[in-house]
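Coordinate analysis (summary)
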Amino acid sequence: MINNSGYGSYGRFAEGELGDQLGMIDVNVRAVVELTGRLLPMLKARGGAIITVASTAAFQPTPYLATYGATKAFVLHWSLALNEELRGSGVRALALCPGPTTTEFFKRAGLKEGAVSDSLGQTTEEVVEEALQALVKGRPQVVTGWKNKVMTAVASKLPKPLVTRIGAKILEKYRLKQVGR
Ligand SMILES: NC(=O)c1ccc[n+]([C@@H]2O[C@H](COP(=O)([O-])OP(=O)(O)OC[C@H]3O[C@@H](n4cnc5c(N)ncnc54)[C@H](OP(=O)(O)O)[C@@H]3O)[C@@H](O)[C@H]2O)c1
């Protein structure tokens, strides 16, 4: 089972549409929990795996993408906890954490250019390849791409208020200025 559906929306929370933020929680969090809960009995009966697509955004608060980052922190922690609970059951849970990837995500999230051309970017094929390798190795979590691995390792070590401030500066420069709505 792959929990892949999700979207984000760049901008200041106070200036966005509240309905869009609440819909994001429904798709990125509620649907993941509900669909997994409903399908788990079937998965346990026949064995299998649940891949939940989190994000590098899960490793630190993400100003100007505040709700999105928080939904991804939720699914990362939830998937890791679920994997422990499922030990010995014949079902495993893998939290997949990609960074910027070439998809429709950035267009949907409100950036003018749509796709983001940045040096951190990966293709969907690269992300899928790393996800499947992690699944075969029985890993509970995979951050794809070496640059994303370094970035999330550093972000995880820094005090949360500091990493939030640094993140705000980076997102202001590389994302907020590109918002086209
Ligand atoms: N692209 C990135 O840089 C990146 C990085 C980290 C994590 N992710 C995560 O990767 C996952 C896949 O996103 P993507 O990058 O492939 O973006 P995408 O090309 O925009 O695809 C988003 C997917 O989510 C579905 N979806 C969006 N809103 C929905 C809604 N309200 N109800 C039901 N389905 C909905 C879309 O279905 P329809 O096509 O039917 O609308 C589509 O299948 C998401 O969870 C995203 O948060 C993406």
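Everything that follows concerns the structure shown earlier in this document.
Residues numbered from 1 in each chain as written. Predicted model: local features only at pLDDT ≥ 70, side-chain atom pairs only at ≥ 80, totals over all residues. Heavy atoms only, no water.

1. Section: the overall build of the chain
From N to C terminus, the chain includes six helices and four strands. Each helix and strand of the chain, placed in order from N terminus to C terminus, yields the pattern β-α-β-α-β-α-α-β-α-α. For 181 residues, the compact-globule estimate of 2.2 N^0.38 gives 16 Å, and the chain sits close to it at 16 Å. When the backbone C-alpha atoms are referred to their principal axes, the chain occupies close to 50 × 35 × 30 Å. (Helix = DSSP H or I, 4+ residues; strand = E, 2+ residues; numbered from the N terminus. Rg over C-alpha atoms; globule rule 2.2 N^0.38 Å.)

2. Examining the sheet that holds strand 3 (residues 91–97)
The strands making up a sheet are joined through hydrogen bonds of the backbone, oriented either antiparallel or parallel. With parallel pairing, four strands are arranged side by side in an open sheet as 1-2-3-4. Looking at which strands have only one partner, the edges of the open sheet turn out to be strand 1 (2–3) and strand 4 (141–143). Bridging between strand 1 and strand 2 (residues 48–53) involves two bridges; their strand directions are parallel. Bridging across to strand 2, isoleucine 2 finds its partner in isoleucine 51. Against the sheet, helix 2 (residues 66–85) makes contact with strand 2, strand 3 and strand 4, and its axis sits at roughly 155° relative to strand 3, the strand it touches most. (Pairing = 2+ DSSP bridges. Contact = heavy atoms within 4.5 Å. Axes fitted to C-alpha atoms, helices over the stretch in contact; angles between N-to-C directions.)

3. Thoughts on the site of the ligand
In the vicinity of the ligand lie 18 residues, with Asn4, Tyr68, Lys72, Thr101 and Thr103 positioned nearest. Within the backbone of asparagine 4, an N or O atom sits 2.8 Å from an oxygen atom of the ligand. Contact between the ligand and glutamate 104: an oxygen atom at 3.1 Å from a main-chain N or O atom of the residue. Every element with two or more residues in the shell around the ligand is listed here: helix 2 and helix 3 (105–108). In the shell around the ligand, the residues fall into nine nonpolar, seven polar and two charged. (Near = heavy atom within 4 Å. Polar contact = N/O pair within 3.5 Å; in protein donor to acceptor, adjacent residues only side chain to side chain. Nonpolar A, V, L, I, M, F, W, Y, C, P; charged D, E, K, R; others polar.)

4. Some points on the packing of aromatic side chains
Applying the stated criterion across every chain yields a total of two aromatic pairs. When the centroid spacing of 5.2 Å and the interplanar angle of 55° are considered together, the rings of tyrosine 68 and phenylalanine 105 count as tilted. In this pair, tyrosine 68 is assigned in helix 2 and phenylalanine 105 in helix 3, connecting sequence segments 37 residues apart. Overall, phenylalanine 105 belongs to the buried group, its relative accessible area being 19%. Relative to phenylalanine 106, the ring of phenylalanine 105 has its centre 5.2 Å away and its plane inclined at 85°; by these criteria the two rings are edge-to-face. Using a relative accessible area of 5% as the deciding quantity, one classes phenylalanine 106 as buried. Three or more aromatic residues joined by ring pairs make a cluster, and in this case those are Tyr68, Phe105 and Phe106. (Phe/Tyr/Trp six-rings, centres within 6.5 Å; stacked < 30°, edge-to-face > 60°. Buried < 20%, exposed > 50% of the residue type's maximum accessible area, 1.4 Å probe, protein only.)

5. Overview of the pattern of salt bridges
Overall, the coordinates contain five salt bridges when judged by the stated rule. Notably, a salt bridge pairs arginine 38 with glutamate 34, separated by 2.8 Å at the nearest N-O pair. Highlighted residues: arginine 38 and glutamate 34, both in helix 1 (residues 18–46), separated by four residues, approximately one helical turn. When its relative accessible area of 60% is taken as the criterion, arginine 38 is described as exposed. Across the pair lysine 107 and glutamate 104 runs a salt bridge whose closest N-O atoms are separated by 4.0 Å. Assigned by exposure class, lysine 107 and glutamate 104 land together as exposed. (Salt bridge = Lys/Arg side-chain N within 4 Å of Asp/Glu carboxyl O.)

6. What to know about a nonpolar patch on the surface
On the surface, Phe13, Leu18, Leu22 and Ile25 cluster together to form a nonpolar patch covering roughly 390 Å² of accessible area. Here leucine 18 lies in helix 1. Of the residues examined, leucine 18 reaches a relative accessible area of 51% and is grouped as exposed. (Patch = residues over 30% accessible without salt bridge, like charges linked within 9 Å, V, L, I, M, F, W, Y side chains within 5 Å. Areas by Shrake-Rupley, 256 points an atom, 1.4 Å probe, with all protein chains shown as cover.)

7. Section: unusual backbone geometry
A positive phi angle is found at tyrosine 64, which is not glycine, with a value near 70°. Residue position: tyrosine 64 is located in the loop between strand 2 and helix 2. Look at tyrosine 64 and you get buried, because its relative accessible area is 14%.

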